[in-house]
Each structure stands twice: as C-alpha cells, then as structure tokens.
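Chain residues, written in single-letter form:
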Amino acid sequence: MTPTHRSYTAIAAVTFAIALLHLAAAGLALPAYDLANVAAAALLALLGLGLMWQSRLCAYLAFIGILFGASASLAIAMTAQGTLVVVMGLILALDVFAVMKLFAALWAEPKPA
C-alpha cells in the first residue's frame, strides 16, 4: 500500500465521520435542511466507499463536494441556533481537514523512482 493509498483510507474515515455528523444535523435542523443533510450524508458515504477502494476519480469528486459542503456548512452555521451550531462547526472543521488532506494527496509531488 502506497502512502497515497493510506491517505485515501484515512480521508475515507473522515468522510464517514462527516456523513454521520450530517445525519445528526438532520435530526437537529429545521425541516428545510433535513433532506439536504440526508442527501449529503448519502453522497459522502458513497464517496467514502470510493476512497476506500482507492479511486482517484472519487478523490477528485470528494474534493469538490467537500469544498462545497464546507461553504454550505458555514452558511448554515451563521444562521443556526443552539446545538446545531456546534454540529455545523464540527462538520466545517472536518470538511476543512479533509479538503487539505485531499489536496495534499491529489497534487503531491510524485516520488522519484
């Protein structure tokens, strides 16, 4: 297993954690955000599976999707109240971490042979 594959596996674990937090947010959120959070959790779980299978295409899609999700989480957290703010803050922190790790894995310098 190469270092890039190990990082994909670690990022997949973070992606699954983000998906679980989206399900928690769906239970806490207003009815307008329930479907969006459940859909985001399902998509993140599928992308996490793709990352577990070492799919570079899934890594690119996860990079774009998680980057979009970070901006959406920030927008929701700015208007939310109570416990939902904490959950959205956790989602945002994990999103930023996952995007940084994906960026490092996708655009790293190749090791000389």
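Residues numbered from 1 in each chain as written. Predicted model: local features only at pLDDT ≥ 70, side-chain atom pairs only at ≥ 80, totals over all residues. Heavy atoms only, no water.

### Overview of the overall build of the protein chain
The condition that has to hold: Helix numbering and strand numbering both begin at the N terminus, where a helix is a DSSP run of H or I of at least 4 residues and a strand a DSSP run of E of at least 2. Radius of gyration here uses only the C-alpha atoms, and the compact-globule reference equals 2.2 Å multiplied by the residue count raised to the power 0.38. Any two residues whose heavy atoms approach within 4.5 Å at even a single point are treated as in contact. Surface accessibility follows the Shrake-Rupley procedure with a 1.4 Å probe radius. Residue values consider only the protein chains on display as shielding.
When helices and strands are tallied, the protein chain shows four helices and zero strands. Starting at the N terminus, the α and β elements of the protein chain follow one another as α-α-α-α. Taken over the C-alpha trace, the protein chain has a radius of gyration of 15 Å; the compact-globule value for 113 residues is 13 Å, and the two agree within 12%. Dimensions of the protein chain along its principal axes, counting C-alpha atoms only, are 55 × 20 × 15 Å. Looking at the protein chain alone, contacts between residues at least 24 apart form 71% of all its contacts between residues at least 6 apart. About 6,600 Å² of surface is accessible on the protein chain, with carbon and sulfur atoms providing 77% of the total.

### Notes on the confidence of the model for the protein chain
In plain terms, the rule: Known as pLDDT, the predictor's confidence for each residue is given on a scale from 0 to 100.
The predicted model of the protein chain has a mean per-residue pLDDT of 89, with 92% of residues at 70 or higher. No element of the protein chain has a lower mean pLDDT than helix α1 (residues 3–28), which averages 88, and none a higher one than helix α4 (residues 83–106), which averages 94.

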